[in-house]
Amino acid sequence: QVQLVESGGGLVQPGGSLRLSCVASGFDFRFHVVGWYRQAQGKQRELVAAVTFSGSTNYADFVKGRFTISRDNGKSTVYLQMSSLEPEDTAQYYCNAHRGPYDYWGQGTPVTVSS
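Residues numbered from 1 in each chain as written. Predicted model: local features only at pLDDT ≥ 70, side-chain atom pairs only at ≥ 80, totals over all residues. Heavy atoms only, no water.

### Some details on the environment of leucine 85
- Along the polypeptide, leucine 85 turns up in the loop between strand S8 (77-82) and strand S9 (91-99).
- Take leucine 85: its relative accessible area is 2%, and that puts it in the buried class.
- Placed 33 residues apart in sequence, leucine 85 and threonine 52 show a C-alpha to C-alpha distance of 25 Å.
- Leucine 85 has contacts with Val12, Pro14, Gly15, Gly16, Ser17, Leu18, Arg66, Phe67 and Val113, leaving out every residue within four places of it along the chain. (Helix = DSSP H or I, 4+ residues; strand = E, 2+ residues; numbered from the N terminus. Buried < 20%, exposed > 50% of the residue type's maximum accessible area, 1.4 Å probe, protein only. Contact = heavy atoms within 4.5 Å.)

Dropping the structure here:
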């Protein structure tokens, strides 16, 4: 059974940091592109960052160097280190893994940036 389980979300003040984790199981994580998406209330889901099996990364412009994505293939885990968080970063954050026709999603973890 394929599973992607996110954790690490929560409430943080503007300027603060959070580290999201996503643990994968049920498929060969190593050969999938993995990434983080987010969906704010009333908006479409958008890519935040992704990392290929070789370690190449891609970031959305709004990340502006504030976020870092990384993966640990031995642990089948992908991380998103978020710093300098802004209220506009408030959203449900989803983990994604895809390879060819295969596309897997987690249930999401909420991030709220508020004072």
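### Some details on the pairing of strand S7 (residues 67-72)
- Here S7 shows one buried face, formed by Phe67, Ile69 and Arg71, and one open face, formed by Thr68, Ser70 and Asp72.
- Across six bridges, S7 lies against S8 in antiparallel orientation. Across the sheet, residue threonine 68 finds its bridge partner in S8, namely glutamine 81.
- From the end of S7 to the start of S8, which pair antiparallel, there are four residues, and serine 76 there has a positive phi angle of about 50°. (Pairing = 2+ DSSP bridges.)

### Here we look at unusual backbone geometry
- Although it is not a glycine, serine 76 adopts a positive phi angle of roughly 50°.
- Checked against the element boundaries, serine 76 lands in the loop between S7 and S8.
- A positive phi angle, close to 50°, is found at serine 84, a residue other than glycine.
- Tracing the sequence through the fold places serine 84 in the loop between S8 and S9.

### Description of the sheet that holds S7
- Spatially, four strands are ordered S1-S3-S8-S7 in an open sheet, and the strand pairing comes out antiparallel. Of all strands in the sheet, those bounded by a partner on one side alone are strand S1 (3-7) and S7. Averaged over all neighbouring strand pairs, the angle between strand axes comes to 15°, with direction disregarded.
- Pairing geometry for strand S3 (residues 18-25) and S8, over six bridges, is antiparallel. Residue leucine 18 lies in a different strand from S8, and its bridge partner there is methionine 82. (Axes fitted to C-alpha atoms, helices over the stretch in contact; angles between N-to-C directions.)

### Remarks on the pairing of strand S10 (residues 102-105)
- Sheet analysis places S9 next to S10, joined by four bridges and oriented antiparallel. Residue pairing across strands places histidine 98 opposite aspartate 103, the latter belonging to S10.
- Following S9, the chain reverses through two residues before pairing antiparallel with S10; glycine 100 in that reversal takes a positive phi of roughly 60°.

### Some thoughts on the nonpolar core
- Among the nonpolar cores identified, the biggest contains 29 residues, and Trp36, Val78, Leu80, Met82 and Tyr93 are the most heavily contacted of them.
- At the level of secondary structure, the elements contributing two or more residues to this core comprise S3, strand S4 (33-39), strand S5 (46-51), S7, S8, S9 and strand S11 (109-113).
- In this structure tyrosine 93 touches Glu6, Leu20, Trp36, Tyr37, Arg38, Val48, Phe67, Leu80, Met82, Gly108, Thr109 and Val111, once residues within four positions along its chain are discounted. (Core = buried A, V, L, I, M, F, W, Y, C linked by side-chain atoms within 4.5 Å.)

### Quick look at the state of the cysteines
- In the structure shown here, the tally under the stated rule is one disulfide.
- Here cysteine 22 is linked by a disulfide to cysteine 95, with a sulfur-sulfur distance of 2.2 Å. Its S-S torsion of approximately -85° makes the covalent link between cysteine 22 and cysteine 95 left-handed. Taken together, the positions of cysteine 22 in strand S3 and cysteine 95 in strand S9 put the pair 73 residues apart, joining distant regions of the chain. (Disulfide = S-S within 2.5 Å.)

Functional significance is not addressed by these values, which are geometric in nature.
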